[in-house]
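Listed here are the chains, written in short residue letters.
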Amino acid sequence: MNTIQIAEKSFKILLENDNIEKRTRLIAIQINVDYEKRCPVFIGVLNGSFLFMADLLKEIDIPCEVGFIRVASYQNTESTGVIKEILGLSDDIRGRDIILVEDIVDTGFTLEHILKEIYIKEPASVKVCSLLLKPAALKAPIDELEYVGFEVANEFVVGYGLDYNGLGRNLKDIYKATD
Ligand code: 5GP
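Everything quoted here is computed from the prediction, not taken from an experiment.

Rules used in this analysis
Residues numbered from 1 in each chain as written. Predicted model: local features only at pLDDT ≥ 70, side-chain atom pairs only at ≥ 80, totals over all residues. Heavy atoms only, no water. Pairing = 2+ DSSP bridges. Helix = DSSP H or I, 4+ residues; strand = E, 2+ residues; numbered from the N terminus. Right-handed = clockwise from strand over helix to strand, strands pointing away. Axes fitted to C-alpha atoms, helices over the stretch in contact; angles between N-to-C directions. Parallel < 35°, antiparallel > 145°, perpendicular 65-115°, else oblique. Left-handed = near helix turned anticlockwise from the far one by under 90°. Contact = heavy atoms within 4.5 Å. Nonpolar A, V, L, I, M, F, W, Y, C, P; charged D, E, K, R; others polar. Buried < 20%, exposed > 50% of the residue type's maximum accessible area, 1.4 Å probe, protein only. Polar contact = N/O pair within 3.5 Å; in protein donor to acceptor, adjacent residues only side chain to side chain. Near = heavy atom within 4 Å. Areas by Shrake-Rupley, 256 points an atom, 1.4 Å probe, with all protein chains shown as cover. Core = buried A, V, L, I, M, F, W, Y, C linked by side-chain atoms within 4.5 Å.

Chemist: Help me understand the pairing of strand E2 (residues 9-15), please; the structure alone is not making it clear to me.
Modeler: Along any regular strand, the residues point their side chains to alternate faces of the sheet. When strand E1 (residues 3-6) meets E2, the two strands line up antiparallel, connected through 4 bridges. Looking at the pairing, Thr-3 lines up with Lys-12 of E2. If you look at the hairpin formed by E1 and E2, you'll find 2 residues sitting between the two strands, and Ala-7 has a positive phi there, around 50°.

Chemist: How should the pairing of strand E4 (residues 65-70) be read in this particular structure?
Modeler: Sheet analysis places strand E3 (residues 41-46) next to E4, joined by 6 bridges and oriented parallel. When the bridges of E4 are listed, Gly-44 appears paired with Phe-68. Viewed along the sheet, the connection from E3 through helix H2 (residues 50-58) into E4 turns out right-handed.

Chemist: Is there a simple way to explain the packing of helix H1 (residues 17-34) against H2 in this structure?
Modeler: Working note: a packed helix pair is described by the angle between its axes plus the distance between those axes. Contact geometry of H1 with H2 gives a least axis separation of 8 Å together with a crossing angle of 55°. Between H1 and H2, the angle is such that the two are oblique. Handedness of the crossing formed by H1 with H2: right-handed. Only Phe-52, Asp-55 and Leu-56 of H2 make contact with H1, whose side of the interface consists of Thr-24, Ile-27, Ala-28 and Ile-31. Here the residues of the contact of H1 with H2 are counted per class, giving 5 nonpolar, 1 polar and 1 charged.

Chemist: Would you take a moment to explain the side chain of Ser-49 for this structure?
Modeler: Among the structural elements, Ser-49 can be located in the loop between E3 and H2. For Ser-49, a relative accessible area of 0% translates into the label buried. Within the local environment of Ser-49, its side chain forms a polar contact with the backbone oxygen of Val-45, the two atoms lying 2.8 Å apart.

Chemist: Looking at this structure, I do not really get the site of the ligand. What am I missing?
Modeler: Lining the immediate environment of the ligand, one finds 17 residues, of which Thr-107, Thr-110, Lys-134, Val-157 and Asp-163 sit closest. Measuring from an oxygen atom of the ligand, one finds a side-chain N or O atom of Asp-103 at 2.9 Å. Note that an oxygen atom of the ligand is positioned 2.8 Å from one of the side-chain N or O atoms of Lys-134. When the free accessible area of the ligand is taken as 510 Å², the share hidden by the protein chains comes to 92%. Counting only elements with at least two residues in the shell around the ligand, the list comes to strand E7 (97-105) and helix H3 (109-120). No other element matches E7, which puts 4 residues into the shell around the ligand.

Chemist: In this structure, what is going on with the nonpolar core? I would like to understand it.
Modeler: Most often, soluble globular proteins have nonpolar side chains that are buried together. One finds Ile-31, Phe-42, Leu-56 and Leu-132 to be the most contacted residues of the largest nonpolar core, which totals 26 residues. Listing elements by their share of this core, those giving two or more residues are H1, H2, E7, strand E8 (125-133) and strand E9 (145-151). Residues within four places of Ile-31 in sequence aside, it is in contact with Phe-42, Leu-56, Ile-60, Ile-62, Ile-99, Cys-129 and Tyr-147. Core analysis: the second largest hydrophobic core is formed by 21 residues, Val-71, Ile-98, Ile-142 and Leu-145 among them.

Pasting the structure below:
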């Protein structure tokens, strides 16, 4: 089905799961090469990254550790810029190579805030891997953004971990709002 309805909003297909899987595999291959002989810590940002994180990690074949953090800064279809507390960030990342895994980078403010908190813990290195990036919306440039799945236009997307008011995270494909 190419058009779907979530609550009162219509969405149409943007990225099919096949396409997402292929791109994810390529990113994993790149990470396997870049982190060869190292043991990075992948930190997924919940909730949006849970499917991407799972699919990505299944393709990672170097030794690694996995964790999740949680931050809420988004309401409805507009970024509020209000940053809330980061939960679950472990002290054990000191001296480690961190790969932060995000669903989407919009303004970049969330990531900027998370990175600040991560650097306080003195990791050896930090890179960001985001499935989606909205280049036109980016307000805080992120030097650490090394791996990007797809660049998308400045429109609201849902599916494959991303929600619309809590719904749609379970969709296999990614959809964009039609209005
Ligand atoms: P930023 O701080 O970069 O503006 O926003 C990042 C967070 O906002 C993402 O991790 C995601 O949770 C949410 N977000 C940004 N754009 C979208 C979007 O188009 N769709 C959905 N579902 N969430 C988004």
